[in-house]
Structure formats: structure tokens, C-alpha cells
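Residue strings, one per chain:
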Amino acid sequence: PGDMVMVSARGTIASKVTVAAGNVLPLDSSLPMKEAACVSSVYTTAYHALIDLCRLRKGDRVLVHAAAGGVGHAAISVCRYIGAQVFATV
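Computed from a predicted model, the values in this text were never measured in an experiment.

Parameters and conventions
- Residues numbered from 1 in each chain as written.
- Predicted model: local features only at pLDDT ≥ 70, side-chain atom pairs only at ≥ 80, totals over all residues.
- Heavy atoms only, no water.
- 1 Å grid on protein atoms, 1.4 Å probe; cavity = no way out; pocket = protein on both sides within 12 Å on 5 of 7 lines; lining within 4 Å.
- Points joined across faces, edges and corners; volume = space filled by probe spheres on them.
- Helix = DSSP H or I, 4+ residues; strand = E, 2+ residues; numbered from the N terminus.
- Nonpolar A, V, L, I, M, F, W, Y, C, P; charged D, E, K, R; others polar.
- Expected span 1.5 Å × (residues − 1).
- Buried < 20%, exposed > 50% of the residue type's maximum accessible area, 1.4 Å probe, protein only.
- Contact = heavy atoms within 4.5 Å.
- Bend = angle between axes of the 7 residues up to and from the residue.
- Axes fitted to C-alpha atoms, helices over the stretch in contact; angles between N-to-C directions.
- Parallel < 35°, antiparallel > 145°, perpendicular 65-115°, else oblique.
- Left-handed = near helix turned anticlockwise from the far one by under 90°.
- Salt bridge = Lys/Arg side-chain N within 4 Å of Asp/Glu carboxyl O.

Peer 1: Please explain the layout of surface pockets as it appears in this structure.
Peer 2: Rolled over the atoms, a probe as big as a water molecule pinpoints where empty space is left. Size it by volume and the largest pocket reaches roughly 1,100 Å³. Looking at the largest pocket, it is lined by 34 residues, and the ones nearest its centre are V7, S8, A9, S40 and T44. Of all the secondary structure elements, the ones that give two or more residues to the lining of the largest pocket are β1 (5–7), α1 (33–53) and α2 (70–82). Here the lining of the largest pocket is built from residues that sort into 20 nonpolar, eleven polar and three charged.

Peer 1: When you look at α2 in this model, what are you seeing that I'm missing?
Peer 2: Helical geometry note: an α-helix holds 3.6 residues per turn, so side chains three or four residues apart project in the same direction. Relative to the 18 Å expected for 13 residues at 1.5 Å per residue, α2 spans 19 Å between its end C-alpha atoms, a close match to the ideal helical length. Taken as a whole, α2 has its buried residues at G72, A74, A75, I76, V78 and C79. Its buried side turned inward, α2 meets α1, β3 (61–64) and β4 (85–88). Once α2 ends, the next one or two residues include G83, with phi positive near 100°.

Peer 1: I keep staring at α1 and nothing clicks. Help me out?
Peer 2: With 21 residues, α1 ought to run about 30 Å at 1.5 Å a step, and its terminal C-alpha atoms sit 29 Å apart, in line with that. Maximal helix bending in α1 amounts to about 25°, located at Y47. Every buried residue of α1 is accounted for by A36, V42, A46, L50, I51 and D52. Considering only its buried residues, α1 is in contact with β3 and α2. Positioned one or two residues after α1, R55 has a phi angle of 55°, which is positive.

Peer 1: What is the right way to look at the packing of α1 against α2 in this model?
Peer 2: When two helices pack together, their arrangement is given by the angle between the helix axes and by the axis-to-axis distance. Running from amino to carboxyl end, α1 crosses α2 at an angle of 50°, the nearest separation of the two axes being 8 Å. Judged on the interaxial angle alone, α2 and α1 are oblique. The two elements α1 and α2 cross, and the hand of that crossing is right-handed. In this structure, α1 contributes V42, Y43, T45, A46, Y47, L50 and I51 to the contact, and α2 contributes G70, V71, A74, A75, S77, V78, C79 and I82. Classifying every residue of the contact of α1 with α2 gives twelve nonpolar, three polar and no charged.

Peer 1: How should the pattern of salt bridges be read in this particular structure?
Peer 2: Two side chains of opposite charge can pair, provided their charged atoms sit close to one another. Summed over the entire model, instances satisfying the criterion amount to one salt bridge. D52 serves as the salt-bridge partner of R10, at 3.5 Å between the closest nitrogen and oxygen. Linking R10 in the loop between β1 and β2 (24–26) with D52 in helix α1, this pair joins segments that are 42 residues apart in sequence.

Peer 1: Quick question: what am I supposed to make of the environment of G83 here?
Peer 2: Tracing the backbone through its elements, the reader meets G83 in the loop between α2 and β4. Here the alpha-carbon distance between G83 and V42, two residues 41 residues apart in the chain, equals 19 Å. Beyond its immediate chain neighbours, meaning those up to four positions away, G83 contacts K58 and G59.

Right, dumping it as C-alpha cells:
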């Protein structure tokens, strides 16, 4: 019952969570649950590595290994959003 959504917030690896409405994004009903879970995990991994750990800033240069994979695609997206220059291997 209810709509499929994705939650983006710290401490949400759980079966039930409470978050602010701004941290909840609707998912397209045609997207299978397994694929939706993958989208969330690869972007969370890329964001955590580049923003939280590396403190990526506009103008930084980033080498993304295995850019053809899910986390690689997500890393490129995060870099472009921030304004970093991307170098990639496949």
C-alpha cells in the first residue's frame, strides 16, 4: 500500500525510518524495486566518497576508474553537479 519512494538521509539503513518530507523522493511506479535500490546505493556510495570523505569542490580534478559501472556513472554525475573536472577509465 502507498507510493514507492526513496529516502536520502543519514542513518536510514533500516526497515522503518522517520525523516523530513524534503528527504523523500517519489519513484516512478514502472521502476522495479531491485533497480530502485541499486540507484540509491550507487549514488549514496559516490556521494559519500566524493563529498563526505574527499571534500570535492568546484574545479577539482577527479579520476574515475571503471566509469562504465553503476558507481562510476554516479561518481561522474556527482562531479559534474559540483563542477569538478572528470577523467575516466572504462
